[in-house]
Amino acid sequence: MLAQFEGPEELIAAARAIREKGYRKVEAFSPFPVHGIDKALAARSPVLPWVVLAAGLTGCTVALLMQWYMNATEGDYAFAGYQFGISGKPFWSLPANIPVAFELTILFAAFTSFLGMIAFNGLPRFSNPLFHHKRFAKATNDGFFLLIESEDPNFSEQAVTTAFESIGGKHVERLLDVPDQPIPRPFFTIAAIVAVVALLPLAYVAFARGGHSETPRLSIWCDMDYQPKAKAQTASDLFADGRSMRLPVAGTVARGGLRLDPRLHLGLEHDDGNDAGTGEAASAAPGAAPSDEDEAESPQKPWITEFPKEIEISQRTMTRGQQRFNIHCAVCHGRAGDGDGLVAQRAFQLQELGQAPAWKPPTSLHAETIRAQPVGQIYNTVTFGKLAPGGQRIGMAGYQEHISLEDRWAIVLYVKALQRTRDAQIDHLTEQEKAALQ
Amino acid sequence: MSQTSLYDTWINDTSERRKASPDLRRIAFGPLFGIGALLLVGMWLYSRGDPMPRFWHAYLIAVTYFSSISLGGLFFVVVLHLTGAKWGVVLRRLGEIVSMGIGFCGLLWIPIWASLLGGDGSLYPWNTPGVMTLGAENYDSLLAGKVAFLNAPFFVGRGIFYFLLWFGMARYFFKRSVSQDHASGNGPMEPLRWWSGPAMLFFALSINFASMDWLMTLRPTWYSTIFGVYYFAGSAVAIFALFAVLVWRMQSRGVLTRTITVEHRHDIGKLLFGFTFFWGYIAFSQFLLIWYASIPEEMQWYAVRRITPSSTGISFATAMLFIFHLILPFLGLLSRHVRRQRGILAGWGVYMLVMHWFDLYYIIAPETAGGSLQWPGLPEIAVVLGMGALYAGALLWIAAGHWLVPVRDPWLAESLAFENI
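Residues numbered from 1 in each chain as written. Chains lettered and ligands numbered in written order. Predicted model: local features only at pLDDT ≥ 70, side-chain atom pairs only at ≥ 80, totals over all residues. Heavy atoms only, no water.

A. Looking closely at the overall build of chain A. Helix and strand counts for chain A come out as 14 helices and 6 strands. Relative to the 2.2 N^0.38 estimate, which gives 22 Å for 438 residues, the radius of gyration of chain A is 42 Å and therefore markedly larger than a compact globule would have. Based on the C-alpha atoms only, the size of chain A along its principal axes is roughly 125 × 55 × 55 Å. Here chain A holds 438 residues, and 29% of them are scored as buried. Once local pairs closer than 6 in sequence are excluded, the contacts in chain A between residues at least 24 apart make up 69%. Element-wise, carbon and sulfur atoms account for 60% of the exposed surface of chain A, whose accessible area totals about 29,400 Å². Each charge class in chain A was averaged separately, 40 positive and 48 negative side chains, and the resulting centres sit 5 Å apart. (Helix = DSSP H or I, 4+ residues; strand = E, 2+ residues; numbered from the N terminus. Rg over C-alpha atoms; globule rule 2.2 N^0.38 Å. Buried < 20%, exposed > 50% of the residue type's maximum accessible area, 1.4 Å probe, protein only. Contact = heavy atoms within 4.5 Å. Areas by Shrake-Rupley, 256 points an atom, 1.4 Å probe, with all protein chains shown as cover. Lys, Arg positive; Asp, Glu negative; His and termini not counted. Charge placed at Lys NZ, Arg CZ, Asp CG, Glu CD.)

So, in structure tokens, the structure goes:
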């Protein structure tokens, strides 16, 4: 049963009165929100806020778990996380995870409140008995209505009509419960078409994954594909000296670039100060020429004979040294250190054909002179390189720019081990090892 | 009931007090100023022997604290005029009175300004004699590069300018609003709407620069572009927290019991909640960018404020602020029922006022010679209580004899009838 009232204040008064008469299934309709109607209708406090709170907390938890799983775990199983170090932060780093947690909290809460509002209101419905009522259209303009549903325990058409009229209701009318009209057919057609169209991009992605294409990739958004930037070792008009690569500012040392410990950084007991290939000059200028010293002079330098205390002598360092050696050194010196790496072999071939320029063959690491070198000297060679006698600009280049400090020392450790393989004495073994061999 | 009839009923309702007694000056001034002055002078004498200027740090914490409350009040008044918001008209007079306190805060700066002009660098390191003199033993080229901005006369001049600007604005809005109480038309109110636009612009710029001067130059080599907003967010938290407490205190003494309804208190709670989260958003934004880039000249500020546990100072100081200034009040104020309960809301108001003070303590205290954040001690607490007594006395002095609600405001009827949906 529907009745119309004059205005918002009458509506509230009527709602209160109709509740006092014992009706419970009462609904109010007005063109704008009316203050106090909730109280007058004694609407139950809504459940939705609690649902939204739960959804927000869920979003927060999901975000934290997701980030933990993706970036802080790693394993040999399907859909495993991947530990990706970003900006030197720990894999599981709460401050970095808060923005995502914040956003997922809001996302979950917002979707839940929107969809929850629809669901709690029994929507979507394609039809409602009220829509068949001519006068009810005024509820969007200037009509204020009260509705009592037939499910109300006190409902009887006569009683409700009397009740409405006694509190000033006009145009009291009975609504027939028209069943929901079926959803119109074209709706399904349109929905199906939209669904198919929505699948097209996904299908294209799946297709592109399987095949391969000769054409350059499609850049819908170029992101950072084409940047105005200077590449390494190119010329530039921007700077007065015409280089795109910049030299360090005079008198500055890069963070982590201070090299003051002669044992660790030069392989020397103390800095003798006249080594052109060592010290700040070499570290400040990338690709500086290797030292011009004669080999004959080298043994007179105060090389250190023990590894610096910062370097850990362990199986781990040894394995690391082997890896680095095979990557950086073996191409010339050969995997076994005999000076017969692939580059050397090719150079010999070219030399036999008379096509090679001046070429100093790589030293065999098992040569007597090299075996006699202390660790400091080997380290210094790895770091700053070695020129052929007589100061010709051929020979081994320094590797300090390519290999980190710890790795260069690890290579030295591995080279020492390689040398030992050709020079093993029974005295090198401990008593236990001898016993084990026997 | 229509709004007009509601207003007619209200104006004839004599069951509540709406006017501050002129006797407040006599009653409030003596005891409050006595207690305040006693605490401040006593604390100053007590800590004169300290190797570091602990008293002056405590003083700076207190003076920036009360300045921020008054600035929050000014923001509230100006934003009400700017947006034409009608719900808050019943609270506007309280905001106006609090904003008028900015003049008194300016007076409290005078000792600091005097010491700066006298060449004392113990509070602000850039004022140490020699740091900007080439060839001096403690010459610092980084600071010397900032000499054009960071020198005592300009610093003091800027400070005086800010306070004159703020006091001028507060006084203009207050006087016009008060004269409306006796006016027959809406004459006094009319220009306020227009002036609220430029006023907001000046306010935004000046609070940025002022907080930079007061708080960031304690560590002049530190950079943060968001810092002004951080201080503003704290001010907004402070004013709504103060409103929550003030309304509870006044209503329990029979003042404005009918004028300020549960709906207005609900809105105070919403704004307190919102600005608490805004503060957290800004504070976290500042922290996240600095933490992520981890550049020493930015990170130095957080390095002394502890993110990780330590044996010295407060462990997790930054994380603690995050939890107790953001997460806890966020959860506490989330519910509508909390915001509509006068006592509970006032409890959160007190809590946030304390946390806002701790926030300023967190900003200022580690810049003492110690360089790490210790727990607050007697000087900090005694000074803020002493200055609080002076500040409260000043606010009561301003309020004395005035209506506590703009009785003839054209929008008062709307404000009285305000209801949340």
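B. Structural view of the layout of surface pockets. Residue and element names in this part refer to chain B. As a volume, the second largest pocket reaches approximately 1,300 Å³. Along the walls of the second largest pocket sit 36 residues, with L242, L246, R249, A392 and L396 positioned nearest its centre. Listing elements by their share of the lining of the second largest pocket, those giving two or more residues are α2 (24–46), α3 (54–83), α4 (89–108), α9 (227–252), α14 (342–364) and α15 (378–399). Per-element accounting of the lining of the second largest pocket gives the leading share, 10 residues, to α15. Residue composition of the lining of the second largest pocket, grouped by class: 30 nonpolar, 2 polar and 4 charged. (1 Å grid on protein atoms, 1.4 Å probe; cavity = no way out; pocket = protein on both sides within 12 Å on 5 of 7 lines; lining within 4 Å. Points joined across faces, edges and corners; volume = space filled by probe spheres on them. Nonpolar A, V, L, I, M, F, W, Y, C, P; charged D, E, K, R; others polar.)

C. The arrangement of the interface of chain B and chain A in detail. With 17 residues of chain B in contact, the opposing surface of chain A contributes 15 residues. Carbon and sulfur atoms supply 73% of the area that chain B and chain A bury against each other, a total of about 1,300 Å² over both sides. When residues of chain B are sorted by the area they lose upon contact with chain A, W291, Y292 and E419 of chain B head the list and together hold 40% of the total. Our count for the contact surface shared by chain B and chain A stands at 3 residue pairs in polar contact (both at pLDDT 80 or more). Of all elements in the fold, only α10 (262–293) and α11 (296–303) of chain B reach the threshold of two or more residues within the side of chain B that touches chain A. Ranked by residue count, the leading element in the side of chain B that touches chain A is α10 of chain B, at 7 residues. A per-class count over the side of chain B that touches chain A returns 12 nonpolar, 3 polar and 2 charged. (Buried area = accessible area lost by both parts, 1.4 Å probe. Polar contact = N/O pair within 3.5 Å; in protein donor to acceptor, adjacent residues only side chain to side chain.)

D. Up close: the nonpolar core. Of all hydrophobic cores here, the largest spans 136 residues; its most connected members are Y124, W166 and F203 of chain B. The contacts of F203 of chain B, once residues within four sequence positions are left out, are L71, L74, F75, W166, M169 and F232 of chain B. By size, the runner-up hydrophobic cluster in this structure holds 22 residues, among which are I304, C329, L365 and V412 of chain A. (Core = buried A, V, L, I, M, F, W, Y, C linked by side-chain atoms within 4.5 Å.)

E. Examining the sheet that holds strand β1 (residues 2–5) of chain A more closely. Residues and elements named next belong to chain A. Read from one edge to the other, the open sheet built from 4 strands follows the order β2-β3-β1-β4, with strand pairing classed as antiparallel. Looking at strand neighbours, the two that pair on one side only are β2 (26–29) and β4 (170–173), the edges of this open sheet. Going across the sheet, the axis of each strand differs from the next one's by a mean of 20°, ignoring polarity. Packing against the sheet, helix α1 (residues 8–20) makes contact with β1, β2 and β3 (144–148), and its axis sits at approximately 15° to β3. (Pairing = 2+ DSSP bridges. Axes fitted to C-alpha atoms, helices over the stretch in contact; angles between N-to-C directions.)

F. Region of the structure containing the pattern of salt bridges. Under the counting rule described, the total for this entry stands at 24 salt bridges over all chains. Notably, a salt bridge pairs E269 of chain A with R263 of chain A, separated by 3.0 Å at the nearest N-O pair. A relative accessible area of 39% places E269 of chain A in the partly exposed class. When salt bridges with common partners are traced through the structure, they connect R92, R93, E96, D181 and D409 of chain B into a single cluster. (Salt bridge = Lys/Arg side-chain N within 4 Å of Asp/Glu carboxyl O.)

G. Examining the packing of α4 of chain B against α15 of chain B more closely. Residue and element names in this part refer to chain B. Packing of α4 against α15 brings their axes to within 9 Å, and their N-to-C directions diverge by 130°. The angle between the axes of α4 and α15 places the two elements in the oblique class. Between α4 and α15 the crossing geometry is right-handed. Together, I97, V98, M100, G101, F104, C105 and L108 of α4 and M387, L390, Y391, A394, L395, I398 and A399 of α15 make up the contact between the two elements. (Parallel < 35°, antiparallel > 145°, perpendicular 65-115°, else oblique. Left-handed = near helix turned anticlockwise from the far one by under 90°.)

H. Broad picture of helix α9 (residues 315–333) of chain A. All names here are of chain A. With 19 residues, α9 extends just 23 Å between its outermost C-alpha atoms, more than 12% less than the 27 Å of an ideal straight helix rising 1.5 Å per residue. Maximal helix bending in α9 amounts to about 50°, located at N326. Within α9 the residues assigned to the buried category are T317, G321, R324, F325, N326, C329, A330 and H333. Contact partners of the buried residues in α9: β6 (395–397) and α13 (405–421). The positive-phi residue at the C-terminal boundary of α9 is G334, with phi of around 85°. (Expected span 1.5 Å × (residues − 1). Bend = angle between axes of the 7 residues up to and from the residue.)

I. How the structure looks around the confidence of the model for chain A. On average, residues of chain A carry a pLDDT of 83, and 91% of them reach 70 or more. Considering only residues more than four positions removed or in separate chains, one finds that residues 275–296 of chain A, a stretch of pLDDT under 50, has 40 contacts. (pLDDT = per-residue confidence, 0-100.)

J. Here's a closer look at the packing of aromatic side chains. Residues and elements named next belong to chain B. One pass over the full model with this rule turns up 64 aromatic pairs over all chains. Ring centres of F163 and W166 lie 5.3 Å apart, and the angle between their planes is 85°; this geometry places the pair in the edge-to-face category. Taken together, the positions of F163 and W166, both in helix α7 (residues 152–180) and 3 residues apart, correspond to about one turn of that helix. The same class applies to F163 and to W166, which are both buried. Between F277 and F330 the ring centres are 5.1 Å apart and the planes differ by 50°, which places this aromatic pair in the tilted class. With a gap of 53 residues between them, F277 in helix α10 and F330 in helix α12 (residues 317–333) connect regions that are remote in the sequence. Judged by its relative accessible area of 26%, F277 is partly exposed. By relative accessible area, which is 25% here, F330 ends up partly exposed. The rings of W222, F227, Y230, W279, F284, F287, W291, Y292, W301, Y302, F322 and Y362 are connected pair by pair, giving a single aromatic cluster. The side chain of R158 reaches across the aromatic face of F149, ending 3.7 Å from its centre. (Phe/Tyr/Trp six-rings, centres within 6.5 Å; stacked < 30°, edge-to-face > 60°. Lys NZ or Arg CZ within 6 Å of the ring centre and 35° of its normal.)

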